[in-house]
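# A structural walkthrough
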Amino acid sequence: WYTLAAEKGDMYAQCNLGAMCRRGEGVEKDLVQAAHWFKKAAVQGNDGAQYFLGFAYYYGEGVEKDLKRSVHWFRKAAEQGSIEGWYSLGVACQNGEGLKKNLNAAARWYTLAAEKGDMYAQCNLGDMCRRGEGVEKNLVQAAHWFKKAAEQDDLNAQYNLGDMYYKGEGVEKDLARAAHWYTKA
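Residues numbered from 1 in each chain as written. Predicted model: local features only at pLDDT ≥ 70, side-chain atom pairs only at ≥ 80, totals over all residues. Heavy atoms only, no water.

### Structural notes on the side chain of Gln-14
Residue placement: Gln-14 occurs in helix H2 (residues 11-23). Those residues in contact with Gln-14 that sit more than four places away from it in its chain are Ala-6, Gly-9, Trp-37, Lys-40, Ala-41 and Gln-44. (Helix = DSSP H or I, 4+ residues; strand = E, 2+ residues; numbered from the N terminus. Contact = heavy atoms within 4.5 Å.)

In structure tokens form, the structure reads like this:
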């Protein structure tokens, strides 16, 4: 059914078919076909397809690796409110991949995604707050973001939160809580 609708130009079917080809669900795994269907849906404005096409260019899945194109599609998704797009632009800005390194911009993109519950953005933003990279150093905020991510089972955030409790950074020193988060990590 998806193939029929996708061939008729339905962007949702195209995105879903791309995802199925990417994972090999119901069809043979084919990253080239996945990128093909993601591109068809992306140019029609499907934010999920825009993100996945950006992902494909970032990792060279089914297309030649191209970080600038990756950023282009992540930005398109982000402009439509895609949490994954916001997070991915944060990573690109933080690492200088496909665009000039910009820690302030990375923190802004991470903040958007973190406020919507993305644990990876929360952990990265916590790290930036802890180090004072792209934002003013703020250990209380760092602990806040690490806790949000840690509660969603992000291992890095759990370790970092444990470390902050151990050292008394941004939180009251508490060895029992430190041990709790270290153990979870």
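### Comments concerning unusual backbone geometry
Within the chain, Asp-153 stands out as a residue other than glycine whose phi angle is a positive 75 degrees. Relative to the helices and strands, Asp-153 is located in the loop between helix H9 (139-150) and helix H10 (155-167).

### Topic: the state of the cysteines
According to the stated counting rule, one finds zero disulfides in the structure shown. Left unpaired, Cys-21 is separated from the closest cysteine sulfur, that of Cys-15, by 11 Å. Unpaired in this structure, Cys-129 has its nearest cysteine sulfur neighbour in Cys-123, at a distance of 11 Å. Since its relative accessible area comes to 5%, Cys-129 is described here as buried. (Disulfide = S-S within 2.5 Å. Buried < 20%, exposed > 50% of the residue type's maximum accessible area, 1.4 Å probe, protein only.)

### Side note on the environment of Ala-105
Within the element layout of this structure, Ala-105 appears in helix H7 (residues 103-115). For Ala-105 and Val-63, which are 42 residues apart along the polypeptide, the C-alpha to C-alpha distance reads 27 Å.

### What about the pattern of salt bridges?
Two side chains of opposite charge can pair, provided their charged atoms sit close to one another. Taken as a whole and assessed by the stated rule, the structure comprises nine salt bridges. We note a salt bridge from Arg-22 to Glu-61, for which the minimum N-O separation is 3.3 Å. Of this pair, Arg-22 sits in helix H2 while Glu-61 sits in the loop between helix H4 (47-59) and helix H5 (67-79); the two residues are 39 residues apart in sequence, bridging distant segments of the chain. Residue class for Arg-22 comes out partly exposed when judged on its relative accessible area of 21%. One salt bridge connects Glu-169 with Arg-130, and the closest N-O pair in it is separated by 2.8 Å. With Glu-169 in the loop between H10 and helix H11 (175-184) and Arg-130 in helix H8 (residues 119-131), this pair connects stretches of sequence that are 39 residues apart. Classification of Glu-169 as partly exposed rests on a relative accessible area of 23%. Look at Arg-130 and you get buried, because its relative accessible area is 13%. (Salt bridge = Lys/Arg side-chain N within 4 Å of Asp/Glu carboxyl O.)

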